Amino acid sequence: DGLTSQIRHHLVNSHLISEVFAVSAYHNFPYDHPIYVLLRQHFDGLIGINTMGFRLLTSKNGSVTKVAGFGFQGLTDFIKISYKHWTWESTRVFAENTTSSQTGAAGKLGDFEKRGMDSDTLTYYPYRDDGKEMYRVLKNYVHDYVHKFYCSDSAVNQDITLQNWTAEISEQHKNKGFPSRVATLAELEDILLRIIWINSVQHAALNYPVKEIGSFVLATAFTVFKSPEDWLKEPAKIANITAENNSGLIAMLPHYGMALRQTAVASQLASLRFSDLLTYSEELRGTSAEPAMC
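Criteria and thresholds
- Residues numbered from 1 in each chain as written.
- Predicted model: local features only at pLDDT ≥ 70, side-chain atom pairs only at ≥ 80, totals over all residues.
- Heavy atoms only, no water.
- Helix = DSSP H or I, 4+ residues; strand = E, 2+ residues; numbered from the N terminus.
- Buried < 20%, exposed > 50% of the residue type's maximum accessible area, 1.4 Å probe, protein only.
- Phe/Tyr/Trp six-rings, centres within 6.5 Å; stacked < 30°, edge-to-face > 60°.
- Expected span 1.5 Å × (residues − 1).
- Bend = angle between axes of the 7 residues up to and from the residue.
- Contact = heavy atoms within 4.5 Å.
- Axes fitted to C-alpha atoms, helices over the stretch in contact; angles between N-to-C directions.
- Parallel < 35°, antiparallel > 145°, perpendicular 65-115°, else oblique.
- Left-handed = near helix turned anticlockwise from the far one by under 90°.
- Core = buried A, V, L, I, M, F, W, Y, C linked by side-chain atoms within 4.5 Å.
- Salt bridge = Lys/Arg side-chain N within 4 Å of Asp/Glu carboxyl O.

Draft legend 1. Molecular detail of unusual backbone geometry. Even without a glycine there, the phi angle at Asn-175 is positive, about 60°. We note that Leu-278 has phi near 60°; this positive angle belongs to a residue other than glycine. Within the fold, Leu-278 resides in the loop between helix H15 (256–269) and helix H16 (281–284). Overall, the relative accessible area of 25% leaves Leu-278 in the partly exposed class.

This is the structure we're talking about:
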């Protein structure tokens, strides 16, 4: 679970996916384009962190590779498999009553609904409950921002720079469902909202708790040293574990040195903080992005 969280959802579905959005933005937008002015606040440090991460964390001798139970080749394969299962549709957070001009898809379920995590029977789920409030704020913020610069769907269609950006992302994330062009205000808002969510709420929820959760090796071991096969054959053994009768469990857990290394990695991953969400209003004022794109 710990490696799935940190490799698939944190590294691949947040960092690596967003690198394509960011690099394409650097390629296509002038520095004062309103969409770039907004997005660069959320891409701050991304490329540097990814580059440093591959060198220090997931290389052959990287610190994550050393604590991962499947080694460098297994880690590389897991990254490839994780990306294989990623699609643009998977970034839909909550169900929306919107229709795509390209696919005609309407009212699709979001990630929470697909995973059954939006049920009333799950009374306590902070990521969902706090996330709904943050999603509402971000959605309103993006709506107001887009309508400040684009007065109609036609204005969106005629922004060649914007269309080049989406076309490049669609080409890089080939066959992943990202639109090759954006035709309406609503579609532009949806794209920006998802990208900002990935690089703010989603990333924070995956990254910062790892310091406490990942450091508690008893709960989140990144590798095990003995197969739990015997327990799987006899589940009753799990129920009979006590403080005195726990040799099987202890044998599975990382040894002292590996546990210390995992704790160090977990602290390292959660140590970087750049800014608070939506605290960059001063950087949006007084720029040449002020005039509307109409």
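Still more to cover.
Draft legend 2. Quick look at the packing of aromatic side chains. Throughout the structure, instances matching the rule amount to 18 aromatic pairs. Ring plane angle 75° and centroid distance 6.1 Å describe the contact between Tyr-26 and Tyr-36, whose orientation is recorded as edge-to-face. Taken together, the residues span a long stretch of sequence, with Tyr-26 in helix H1 (residues 2–28) and Tyr-36 in helix H2 (residues 34–39) at a distance of ten residues. In this structure Tyr-26 comes out as partly exposed when scored by relative accessible area, which is 37%. Overall, the relative accessible area of 10% leaves Tyr-36 in the buried class.

Draft legend 3. Region of the structure containing helix H7 (residues 126–149). The end-to-end C-alpha distance of H7 is 34 Å, a good match for the 34 Å that 24 residues give at a rise of 1.5 Å each. If you look at H7, its biggest bend is around 30°, right at Lys-132. Within H7 the residues assigned to the buried category are Arg-128, Gly-131, Tyr-135, Leu-138, Val-142, Tyr-145, Val-146 and Phe-149. Residues of H7 that are buried in the fold lie against H2, helix H6 (111–114), helix H10 (185–207) and H16.

Draft legend 4. Region of interest: the packing of H1 against helix H5 (residues 71–84). Axis separation between H1 and H5 bottoms out at 10 Å; the angle between their running directions is 60°. Comparing their axes, H5 and H1 come out oblique. As for the relative orientation of H1 and H5, their crossing is right-handed in sense. Of the residues in H5, those in contact with Leu-3, Thr-4, Ile-7, Arg-8, Leu-11, Val-12, Asn-13, Leu-16 and Ile-17 of H1 are Leu-75, Phe-78, Ile-79, Ser-82 and Tyr-83.

Draft legend 5. Summary view of the environment of Val-37. Mapped onto the elements, Val-37 comes out in helix H2. Taking C-alpha positions, Val-37 is 6.8 Å from Leu-284, a pair spaced 247 residues apart along the chain.

Draft legend 6. Structural detail: the nonpolar core. Phe-21, Tyr-150, Leu-162, Trp-165, Leu-188 and Leu-192 are the most contacted members of the largest nonpolar core, which totals 45 residues. Only H1, H2, H7, helix H8 (153–157), helix H9 (160–172) and H10 provide two or more residues apiece to this core. The dominant element in this core, judged by the number of residues it contributes, is H10, at ten residues. Counting 19 residues, the second-largest nonpolar core is a separate cluster that includes Leu-3, Ile-7, Val-67 and Ala-270.

Draft legend 7. Focus on H1. With 27 residues, H1 should cover 39 Å at 1.5 Å per step; its first-to-last C-alpha distance of 37 Å lies within 8% of that length. The sharpest bend along H1 comes to roughly 40°, located at Leu-11.

Draft legend 8. Geometry of the pattern of salt bridges. According to the stated counting rule, one finds eight salt bridges in the structure shown. With a closest N to O distance of 2.8 Å, Glu-89 and Arg-92 form a salt bridge. With a shortest N-O distance of 3.0 Å, Asp-118 and Lys-132 are connected by a salt bridge. Separated by 14 residues along the polypeptide, Asp-118 in the loop between H6 and H7 and Lys-132 in helix H7 bring together distant segments of the chain. Residue classification places Lys-132 among the partly exposed residues on the basis of a relative accessible area of 37%. Connected via shared salt-bridge partners are Glu-89, Arg-92 and Lys-114.

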